[in-house]
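Secondary and tertiary structure notes
Below, each chain spelled out in residue letters.
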Amino acid sequence: MVKYFYILTYGCQMNVHESEKIAGILKDLNYEPCNVIEEADIIVFNTCCIRENAENHAYGNIGMLKKLKAGKRSLIIAVGGCLTQQMGKASGLHKKFPYVDIVFGTHNLGKLKDYIIKKRAQKKAVIEIEEDNGEICEGLEPYRTSYPNAWLNITYGCNNFCSYCIVPYVRGRERSRRSKDIIKEAENLVALGYKEITLLGQNVNSYGNGTDDISFPELLRRIANIDGKFRLRFMTSHPKDFSVEIAKAIADNTKICKSVHLPVQSGSNVVLKAMNRKYTVEDYLEKVKILKQYVPDCSLTTDIIVGFPGETEEDFLQTCELVKNVGYSSAFTFVYSKREGTVAAKMKNQIPAEVSKNRIMRLIEIVNSQTREQSAAYVGKVIEILCEGYDDKKQMYLGRDGYGRMAYFASDVSHIGEFLNVKVEGANGISLACKKVEI
Ligand code: SAH
Ligand code: SF4
Ligand code: F3S
């Protein structure tokens with residue numbers, strides 16, 4: 001009889017890709033994917049703890065499985081990801097949800113297969129969290145679900161310790177994969193027909209630091225040199241490490257998308273210092289200038305946190321000013337969330353929720369009006385998009401152009417995985433309404 005798996009993923013692209021690796025492990029154990037959670041024989045939660053609501057989301061969903069488990073004793077429930085890796089959270093999780101069978105962390109994902117086999121043979125739960133030992137787990141074959149895009153890890157962990165951020169505590173120290181492994185994987189992906197490769201790391205710009213391997217811009221160039229038509233993207237860039245060489249690599253290689261995610265976090269030097277971001281507003285604007293000098297039409301996206309401890313109205317207005325000056329094509333905006341164990345959690349002057357809420361609303365208004373303006377400027381143009389999927393609700397195909405702008409169009413036949421030209425007929429905020437162009 002066929003056995004089924006169901007994976008719930010929270011958090012960033014790193015986790016999305018790790019869920020593909022988990023799916024690979026489950027396929028290896030002869031489980032097949034299913035679309036209905038009630039049909040699953042094993043359910044895996046890949047959790048995130050970047051903000052409190054991500055954490056609560058995971059708890060809420062694990063809580064809902066109590067009933068399911070009571071009606072199906074053979075069901076295996078496994079919880080992994082960043083949340084379990086937080087100090088003391090793994091045992092706490094099991095106390096709170098005694099029906100969870102397996103708890104594993106970010107550093108022992110490669111052992112999930114053994115844990116499942118162990119659990120099948122015993123009644124007792126398997127709770128295994130390991131600390132970062134500097135190693136990289138190579139050789140896990142992902143079961144990819146994001147065609148025509150393929151995620152590709154280049155670094156793991158983070159050394160930056162931004163004062164608000166939990167990632168360095170749950171993902172360990174930064175380590176880079178060997179360039180020959182990365183390039184080989186990229187070559188395979190192109191040979192398999194993937195049309196977009198997105199390089200992943202908490203701070204891709206510092207790839208290769210502390211090793212005698214090649215630098216990030218060199219890695220970009222070598223991957224862009226692989227034969228075949230595909231797009232190359234990367235995330236995330238840390239402004240302090242964004243260099244002229246990276247800008248030049250983008251300018252020199254048409255396969256590298258002219259779209260950079262460069263999280264600024266705040267437009268106030270006082271706040272940036274308290275965040276331990278290691279750059280000033282002036283440094284940031286200088287990096288933007290360098291990028292625009294080499295790639296004038298490059299689109300920029302960013303992440304911004306409002307309500308960081310001690311943020312004054314004046315600090316916030318400086319953030320608004322910076323957003324207006326840079327002209328982002330879109331931005332992720334977050335209300336600061338206190339993370340136990342980080343430096344900022346101990347700071348005085350935590351900002352009241354209603355103040356942060358008011359600030360984020362004002363910021364979102366500015367970001368949205370910029371996004372709308374940029375989308376409107378597309379109307380009438382013909383753009384090349386990579387068709388990525390079908391939106392059931394809209395009953396339209398969707399894709400993005402090289403700058404990252406989302407486009408929707410109708411078609412009777414599937415174009416998923418194809419590059420095609422579309423004419424922009426209208427703009428709806430962040431996305432474009434398009435029509436196929438026959439050429
Ligand atoms: N490594 C990436 C992404 C980290 S997480 C980077 O350095 O940019 C993605 C975003 O979540 C961050 O850029 C930040 O804006 C936001 N974030 C991280 N910790 C947060 C916290 N405690 N509260 C609110 N937002 C947070
Ligand atoms: Fe977190 Fe900063 Fe590292 Fe990004 S660079 S993961 S925000 S500590
Ligand atoms: Fe969340 Fe971990 Fe990513 S905390 S944002 S899943 S690295």
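Residues numbered from 1 in each chain as written. Chains lettered and ligands numbered in written order. Predicted model: local features only at pLDDT ≥ 70, side-chain atom pairs only at ≥ 80, totals over all residues. Heavy atoms only, no water.

**Quick word on the site of ligand 3**
Around ligand 3, the structure places Cys 12, Asn 15, Cys 48, Cys 49, Ile 50, Cys 82, Arg 171 and Gln 202. Taken together, the residues that form the shell around ligand 3 break down as five nonpolar, two polar and one charged. (Near = heavy atom within 4 Å. Nonpolar A, V, L, I, M, F, W, Y, C, P; charged D, E, K, R; others polar.)

**Section: a nonpolar patch on the surface**
A cluster of nonpolar side chains, namely Tyr 147, Tyr 390 and Ile 416, defines an oily patch on the protein surface of about 260 Å² accessible area. Position of Tyr 390 among the secondary structure elements: in strand 15 (residues 382–391). (Patch = residues over 30% accessible without salt bridge, like charges linked within 9 Å, V, L, I, M, F, W, Y side chains within 5 Å. Areas by Shrake-Rupley, 256 points an atom, 1.4 Å probe, with all protein chains shown as cover. Salt bridge = Lys/Arg side-chain N within 4 Å of Asp/Glu carboxyl O. Helix = DSSP H or I, 4+ residues; strand = E, 2+ residues; numbered from the N terminus.)

**Side note on helix 5 (residues 112–121)**
Turning to helix 5, its buried residues number three or more, namely Leu 112, Tyr 115, Ile 116 and Lys 119. Taken end-on, helix 5 shows its buried residues confined to a sector of 100°, consistent with a single buried face. Where the residues of helix 5 are buried, they touch helix 1 (13–28), strand 2 (31–33), strand 3 (42–47), strand 4 (76–81), strand 5 (102–104) and strand 6 (126–128). (Buried < 20%, exposed > 50% of the residue type's maximum accessible area, 1.4 Å probe, protein only. Arc of directions from axis to C-beta. Contact = heavy atoms within 4.5 Å.)

**Topic: the environment of Met 406**
Relative to the helices and strands, Met 406 resides in strand 17 (residues 406–409). Residue Met 406 is classed as partly exposed on the basis of its relative accessible area, which comes to 25%. Beyond its immediate sequence surroundings of up to four residues, Met 406 is in contact with Leu 398, Gly 399, Arg 400, Ile 430, Ser 431 and Leu 432.

**Things to note about the site of ligand 2**
Surrounding ligand 2, one finds Cys 158, Asn 160, Phe 161, Cys 162, Tyr 164, Cys 165, Val 167, Pro 168, Gln 202, His 238 and Arg 277. Classifying every residue of the shell around ligand 2 by side-chain character gives seven nonpolar, three polar and one charged.

**Section: the sheet that holds strand 18 (residues 419–428)**
Strand pairing in a sheet takes place through backbone hydrogen bonds and is either antiparallel or parallel in direction. Spatially, 15-16-17-19-18 is the arrangement adopted by the five strands of the closed barrel, whose pairing is mixed. Shown here is a sheet whose adjacent strand axes are inclined to one another by a mean of 50°, direction ignored. The pairing of strand 15 with strand 18 spans five bridges and is classified as antiparallel. Bridge assignment links Val 382 to a residue of strand 18, and that residue is Lys 423. (Pairing = 2+ DSSP bridges. Axes fitted to C-alpha atoms, helices over the stretch in contact; angles between N-to-C directions.)

**A few points about the side chain of Ser 337**
Mapped onto the fold, Ser 337 is located in the loop between strand 14 (330–335) and helix 13 (353–376). For Ser 337, a relative accessible area of 11% corresponds to the buried category. Apart from the residues within four sequence positions on either side, Ser 337 is in contact with Arg 51 and Glu 52.

**What about the domain arrangement of the protein?**
Here the protein is described as being made up of domain 1 (3–128), domain 2 (149–376) and domain 3 (382–436). Of note, the centres of domain 1 and domain 2, computed from C-alpha atoms alone, are 29 Å apart. Taken together, the 18 residues of domain 1 in the interface contact 19 residues of domain 2. Here domain 1 is connected to domain 2 by two salt bridges. Across the pair Glu 18 and Arg 171 runs a salt bridge whose closest N-O atoms are separated by 2.9 Å. Here domain 1 is connected to domain 2 by eight residue pairs in polar contact (both at pLDDT 80 or more). (Domains from an automatic or database assignment. Polar contact = N/O pair within 3.5 Å; in protein donor to acceptor, adjacent residues only side chain to side chain.)

**Quick notes on the side chain of Gln 370**
Summarising the element assignment, Gln 370 is placed in helix 13. Discounting residues that sit within four places of it in the chain, Gln 370 has contacts with Val 323, Lys 324, Gly 327 and Tyr 328.

**Concerning the nonpolar core**
Counting 66 residues, the largest nonpolar core has Leu 199, Ile 223 and Phe 234 as the members making the most contacts within it. Residues within four places of Ile 223 in sequence aside, it is in contact with Ile 182, Ile 183, Ala 186, Leu 199, Phe 230 and Leu 232. Listed in part, the 27 residues of the second largest apolar core include Tyr 10, Ile 37, Phe 97 and Ile 166. (Core = buried A, V, L, I, M, F, W, Y, C linked by side-chain atoms within 4.5 Å.)

**Concerning the pairing of strand 19 (residues 431–436)**
Pairing between strand 17 and strand 19: four bridges, direction parallel. Across the sheet, Tyr 408 pairs through a bridge with Ala 433, a residue of strand 19. Across six bridges, the pairing between strand 18 and strand 19 is antiparallel. Opposite Val 422, over in strand 19, you have Lys 436 as the bridge partner. Between strand 18 and strand 19, which pair antiparallel in sequence order, lie two residues; one of them, Gly 429, sits at a positive phi of approximately 60°.

**Some words on the pattern of salt bridges**
Once their charged atoms are close, side chains differing in charge can pair, the charge on each being opposite to the other. For the coordinates displayed, the defined rule picks out 26 salt bridges. The partner of Glu 196 in a salt bridge is Arg 233, with the nearest N and O atoms 2.9 Å apart. In this pair, Glu 196 is assigned in strand 10 (residues 196–200) and Arg 233 in strand 11 (residues 231–235), connecting sequence segments 37 residues apart. As far as burial versus exposure is concerned, Glu 196 and Arg 233 are alike and both buried. When the shortest N-O distance is used, the salt bridge between Glu 313 and Arg 362 registers 2.9 Å. On the criterion of sequence distance, the pair formed by Glu 313 in helix 12 (residues 313–326) and Arg 362 in helix 13 is long-range, its members being 49 residues apart. Taking the relative accessible area as the measure of exposure, Arg 362 reaches 32% and is therefore partly exposed. Connected through salt bridges with shared partners, the residues Glu 138, Arg 144, Arg 177 and Glu 185 form a single ionic network.

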